[in-house]
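Observations on the three-dimensional arrangement
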Amino acid sequence: MSNVYSVIRAPVVTEKSADAIENDNVYTFIVDRKANKIEILRAIESLWDVKVTDVRTMQYRGKVKRALMGRLSQNPKIGRRPAFKKAVVQLVEGDHIEFYEVG
């Protein structure tokens, strides 16, 4: 990946990830499916000027979903949610990333 903005797609902001940020200094991101751990590490270090100690990745397959009232329909249309890759990144003690400003 040549561009750091194509590696990191979006931060995951949920209750579980917020708890991990507060307690363990661990951040979660949706990343490009082709990006490896080294590219993710370099992208995060260059975007936010922090030091990364650990990167863990997970692949998620898209779920099959039915549309048009599910089982009640004579001809249900079947679709898929998109597949994605998630990266869990741990930073050095004292570093942090600001996703949004409180105020």
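Up top is the structure these notes are about.
So, here's what we can say about the structure. (Residues numbered from 1 in each chain as written. Predicted model: local features only at pLDDT ≥ 70, side-chain atom pairs only at ≥ 80, totals over all residues. Heavy atoms only, no water.)

Tracing the sequence through the fold places K85 in strand 6 (residues 84-91). At 2.6 Å, the side chain of K85 and the backbone oxygen of A35 are in polar contact. When neighbours within four sequence positions are excluded, K85 is seen to be in contact with F29, I30, V31, D32, R33, A35, T57, M58 and Q59. (Helix = DSSP H or I, 4+ residues; strand = E, 2+ residues; numbered from the N terminus. Polar contact = N/O pair within 3.5 Å; in protein donor to acceptor, adjacent residues only side chain to side chain. Contact = heavy atoms within 4.5 Å.)

Right, let's talk about the nonpolar core for a bit. In terms of nonpolar packing, the biggest core is built from 16 residues, with I8, F29, I40, I44, V89, L91 and I97 touching the most fellow members. Here I97 is in contact with Y27, F29, I44, W48, V50 and L91, once residues within four sequence places are set aside. (Core = buried A, V, L, I, M, F, W, Y, C linked by side-chain atoms within 4.5 Å. Buried < 20%, exposed > 50% of the residue type's maximum accessible area, 1.4 Å probe, protein only.)

For F29, the location among the structural elements is in strand 2 (residues 26-31). Of the residues examined, F29 reaches a relative accessible area of 0% and is grouped as buried. Sequence-wise, F29 and A10 are 19 residues apart; in three dimensions their C-alpha atoms are separated by 5.7 Å. Residues contacting F29, with those up to four places away along its chain left out, are I8, A10, P11, V12, I44, W48, K85, K86, A87, V89, I97 and F99.

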